[in-house]
Structure formats: structure tokens, C-alpha cells
Amino acid sequence: MSRLSVSTRLKTMGLCLAAAGFVLAGPLSVGEAHAFKLFGINFFGKSDEEQAAAEISDPVPYAVTIDAPGADEDLTEALQNASQLYQEREQPASGDLGLVIRARDDRERLLAALYEQARYGGVVDMTIDGQSIDSLPPIPDFPRGQPIPVVVHVTPGPVFSVGKVKLTGDIAGSDPAAYDLAPGRRADSTVILKAGRQAVDDLKQTAHPFAKMTERQAVADHSNDTVDVTLGAESGPKATFGTVGVTGTKRMNPEFVARYSRLDTRKPYSPEELRKAQERLRALGVFSSISVKEGTALDSLGGLPLTIEVSEGKQRYFGVGANYSSADGFGAQAYWGHRNLFGEAESLRIEGEVSRLGIKDVTDFDYSAGITYVEPGAFGPPTSFTASLKAAALDPEGYTAKTVTGLGMASYELNDTDTVSAGVEVAWATIEDAFGNRDYLTPSLPIEFIRDARDDKLNPKSGYRASLAIKPSYEIYGQTPFVSTEGSITGYRGFGTKESTVLAARLAAGIVGGGDDTLDDIPATRRFFLGGGGTVRGYAYQEISPVNAKGDELGGRSYVNVNLEARIGVTETISVVPFIDAATVSAKAVPDFNDIRAGAGIGVRYNTGFGPIRVDVALPLNPYPGGTRYGIYAGIGQTF
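Residues numbered from 1 in each chain as written. Predicted model: local features only at pLDDT ≥ 70, side-chain atom pairs only at ≥ 80, totals over all residues. Heavy atoms only, no water.

Asks: I tried to follow the overall build of the protein chain on my own but got confused; where do I start?
Replies: The number of helices and strands found in the protein chain is 7 helices and 33 strands. On the principal axes, the C-alpha backbone points of the protein chain span a range of 95 × 70 × 50 Å. Per-residue burial over the protein chain gives 40% buried out of 640 residues. Pairs at least 24 residues apart make up 58% of the contacts formed inside the protein chain by residues separated by at least 6 positions. Roughly 32,200 Å² of accessible area belongs to the protein chain as shown, and the carbon and sulfur atoms make up 56% of that amount. (Helix = DSSP H or I, 4+ residues; strand = E, 2+ residues; numbered from the N terminus. Buried < 20%, exposed > 50% of the residue type's maximum accessible area, 1.4 Å probe, protein only. Contact = heavy atoms within 4.5 Å. Areas by Shrake-Rupley, 256 points an atom, 1.4 Å probe, with all protein chains shown as cover.)

Here it is as C-alpha cells:
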């Protein structure tokens, strides 16, 4: 019988940031440039390995071999990942003694990797230049001239399973299967460690902040290849949330921080609520770091005192961005913002955009400018208020328009996934289209419901997002009431190891009801035009539309749009994405599906820390006569 020893490995990952579409944010500082790397390829300057080698005194190159007879693919990969010798094989050791130290440290790492794979009878032997590391002299001296041979021989041993399981203390009587410790399952050390953490977490979730482990023991029985596990935990007193203090603020109002966290409620203690509070505060964009410290004792009311520790980041920011489509040309954006105008995370953003560059004459491209003000917690912590004013000049194929739109919108978070918004919008437009020249003045009452149950907003792998927007409107000049309704649902399902393959689908539809039978009572900017990188790839922007006898695009009263993608992971950062998009746009308020347009293609995604870089190539499956024959799209973020 032998005790289980456990070691913890920390893997550090580096991120190389590059983009086909790009974002540049300030303030900026200029320093010495050592190298430029794109998608892991070094274009100039020294590579990371060359830079590190140049800084090593007495470099000793070596060649490492890991020999593990009988190891399967997963175990071989685990051993390679655990071995510092293997991971840093391109980087020389610092002197002969440095090589020996690296090897001796590796033995513990490799044993831990064996335990993680339930191999408790494994043996690790190492030789350097043919000598066992246990028989080397205190100050070794290896020959120079060739890389020093290092051989790691691993005897994996049998796979152990969980034997007897004993639960004590306040988890006594619980089902071991609830902690993934059912007898007979593979006894990975990570499973045993996770079971102990889960036992404590489960007690904390029942409002016991001082829950702790009292016993954790694993004993390997080599006579029958099993591991007997004993876990014990005690819950401690039950508690509510107590007083909330805030430290580290400068311009931010600490009372607002405490209030917006929604922890100052005397509700039952919950680690999940602590996590949500940090996410809410982080979403304000004001803080560079946030942590919640729990008190060590309860107050007189049975509450746990909390301290929110924050560090404020830069309040002002600016940036530029770009995107490209072969059908729609280049687009460029610039913006400036302030994250904390008056001390309660009120934000102001001024932005401008130019699009369709290279498609039209220099005087006919689209451009827009706007200013947006957002006040979080405007009417209480779950609410926010947004006010914006935007002007645009638009010149797609179906019309030209100059517009000015003002909007005031209040939002309320019903729960963690559901948000409802309502407001007032006034839009003025002067439009030239197939119906002639006309001015429109249209007040509206937009109402929107959003349910967002995705696991990740930037790069989801599971969950879904659904939205429904209703916009009653009245066009004053033409005395025309109408209502536009749009809804969409997107879903994501991951498959394989680490959900490396994700199937994504979106269904969207819209209807404009009211007005006369003719379309010209509805502003062209409120009719439906589809096509482009966001709807049906392979077609130009707003190319999909009903047309008149002359071939002029009119826009529609209804549409249905379907998108399907398979995001197939090739490496940890690169995915290949085959896709198909389809849509129909009808002049009637009910889609007639008489003209269905579809596009298909393939794309590449390069995952970065701020979202995937996207490049798609698409062909229209049934193009318009004289219409777009292919589309190339580049940008940042998933299509949907």
C-alpha cells in the first residue's frame, strides 16, 4: 500500500495578437521593437527561443527522448506536456548542473502526470549522457561538442480504479457518484482533487461561507489496482451577505460600486452571486482589476462582511477598426470614449464610420457619425439608460438617403439571461429611390426582449441567444402608421475534445405591417434588404431585394434568413468553417418564398484574446444576372 502524492502543474501560454481587421486602442507608448510575429511566424528580429538562448550563461544543448512502452496517445501527450525537458528542448540548459536540476524536477512532474492518468504504479528513470541522474556527482561535467543525450524511460504501470469511498463530516451519507467517485471508475488524481473541491463548494452554495475540508486521503492498493478514497468536510455556520465596503476607487463613487454589485442585500450567502457581482462590475469597463474579499467572521446579524477591492483603469480610450469585403469594399471606423464621466460609470462614445470604399466614386461612399451616452444603474442596479444621436449618408444600390436619428432607451435586467428594453426614437430622412424623392419624419416606440444564454459572448460553443423587437411607428409627412417586427434565434453546440468543433445556426425573420399596399409609404431605411457578410455571404450588401420591372431594388416588407456553420478546430487557435446562408425577401407582409437566394463557402478563424479574426470566401448559388459572383469578407468576431 502506498500513499498518493499530488503535485500541481502550471502551464503558461503565450498569445500572439494579429488581425486582418484590426483594433488599435490608446493611450500608446513607443518602445524598442525586437520582433514581429504573425500567426506564430517570426518575420524579423530574434525569435523567443533565440532571445532566451542569448541570455543563458554557459548554454548546454541537449537532445531528449521520452520512452514509454505501452503508453497510449493520451498518456504520451500528457507526459510530453508535463516534461520541462521536452517542452524546452529547443532552449539550452544553463550549465551542466542546470540540466541535471531540470531533469530532477521533471521526474516529479512526470509522476504527477502518471497519477493524473490513474497510473499509480508507474516508474520514471532518467539518464544523462548514459548515466542515471541518481548516480551523477554533485558537480557534473558533460562532454561538449554535441547535444547531451537525455533519455527518460517511463514504465506506465496499470490503470487504477476507485475502490472504497468513505465520506465523513457534513458530507457523510452523500452519494459518492455525486462527486464523480463511483467505485470502479478510473481513479485519476485530478478527479479525487476535484471531488474535494466540489464537496466544499456544494456546502458553500447552501450559504455556508466557512465550509472546509477536514480530511482528504487516497490510498493505492497495488494488489488489486484500486485507490481507496476518504473525504471529509464541515459546513460551518450559515450566513447572509453582510456589509459591503469598497476600496481602491479614485473617481468612482464607492457607494455606487457597492449598490451596483447587488451584494448589499442581506440575501443568503452564495459564491455564485459573488461571481456574478464581479462580472457586473467588470462589464462597466471602468476597472482594470476587481476582487471580492470575504470577512473572517460573521457580524452580529449573521452576515458575512465583504470588501470589494478595485483598481480603476484608463477612463479615456480611442480606437480605429477596419473591415473588407470584395463585394462591398473597405470600411473604416474610428471612435473616442470616456468610461466614467461623473463617477458612476456613465460612458460617452463618439464614433464615425466610412464604408463601401473602392466600390463607389469617392463622393458616393457611405458614412455615418454618432454620439452615444450610457448611464448604468440609472433607475436602480438592474437598469440602464441609453441616449444617442446619429447621422448617416447611405448609398446602397436600392436608394440613397441622408438620415438623422435620435434615440432614448431604458433597459431592465429581468434575470441573468433576460433583458427587456423600451424607448422613444425619432428619425428624419430624405430618400431617393425607385419611387422618387421624398422626406420622412418617423417617431417610433421600440420595444425589445433579449434572452442570452450563450457560454461566451465573443466565441460561443454552447447555448443560445433569442431576440424579439417590435417597433410601432408613425410617418408624419405621409400620415402612415406601421409596425416592424423582427426576431432571431441563434444556437451553438460543441462536439469533440474541448468542444473543438462547434455547429452554429441562426434563424431570423422580419415583417413590416401597416401603411398602404405600396412600399413608398415605408421609408427605404425601414424596408428589408439582405445580402453581405452579416446575412447571406456571396452577395453584395443589400443585394437581395424585390425589384420592379426596370430592375430597381425596392426593399421588402418581410424576410426570412437562415445561416448554418460548422466551426471545425484544426489547432487550438485556427478553425476551418464551411457554411451555407439562405434568405428570401418579399414585397408582401407575409413571406412568399418565391425567390430564395443562397450562398455557400468556407472560412478561416484565428482565435485571439479579444475574439476570432474572420476571413470568409463565398459564392452565390443562384446569382442575379449581372450581380455579384463571389464575396471575400474579413473582420473580427464570429459572423453570428
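From this point, the discussion proceeds with the structure in view.
Asks: Before we go on, may I ask you to explain the nonpolar core in this structure?
Replies: Nonpolar side chains in soluble globular proteins generally cluster together in the buried interior. Leu79, Leu85, Leu99, Ile128 and Val152 are the most contacted members of the largest nonpolar core, which totals 25 residues. Going through the elements one at a time, strand E6 (62–67), helix H2 (73–82), helix H4 (95–116), strand E8 (123–128) and strand E10 (148–155) are the ones with two or more residues in this core. Considering each element in turn, this core owes the most residues, 6 residues, to H4. Apart from the residues lying within four places of it in its own chain, the contact partners of Leu79 are Ile66, Ala68, Leu110, Ala113, Leu114 and Val154. By size, the runner-up hydrophobic cluster in this structure holds 24 residues, among which are Ala218, Val227, Leu231 and Ala233. (Core = buried A, V, L, I, M, F, W, Y, C linked by side-chain atoms within 4.5 Å.)

Asks: Would you take a moment to explain the packing of helix H6 (residues 254–261) against helix H7 (residues 271–283) for this structure?
Replies: When two helices pack together, their arrangement is given by the angle between the helix axes and the distance between those axes. Orientation of H6 relative to H7, taken along the N-to-C sense of each, is 130 degrees, at an axis distance of 9 Å. Judged by the angle between their axes, H6 and H7 are oblique. Taken as a pair, H6 and H7 cross one another with a handedness that is right-handed. Contacts between H6 and H7 involve Val257, Tyr260 and Ser261 from the first element and Ala277, Arg280 and Leu281 from the second. Here the contact of H6 with H7 is composed, by residue class, of 4 nonpolar, 1 polar and 1 charged. (Axes fitted to C-alpha atoms, helices over the stretch in contact; angles between N-to-C directions. Parallel < 35°, antiparallel > 145°, perpendicular 65-115°, else oblique. Left-handed = near helix turned anticlockwise from the far one by under 90°. Nonpolar A, V, L, I, M, F, W, Y, C, P; charged D, E, K, R; others polar.)

Asks: Before we go on, may I ask you to explain unusual backbone geometry in this structure?
Replies: What you tend to see is this: most non-glycine residues have negative phi, and most peptide bonds are trans. Even without a glycine there, the phi angle at Arg266 is positive, about 60 degrees. Mapping Arg266 onto the fold places it in the loop between H6 and H7. Positive phi, normally seen in glycine, also occurs at Gln542, with a value near 60 degrees. Structurally, the position occupied by Gln542 is in the loop between strand E28 (501–514) and strand E29 (558–569).

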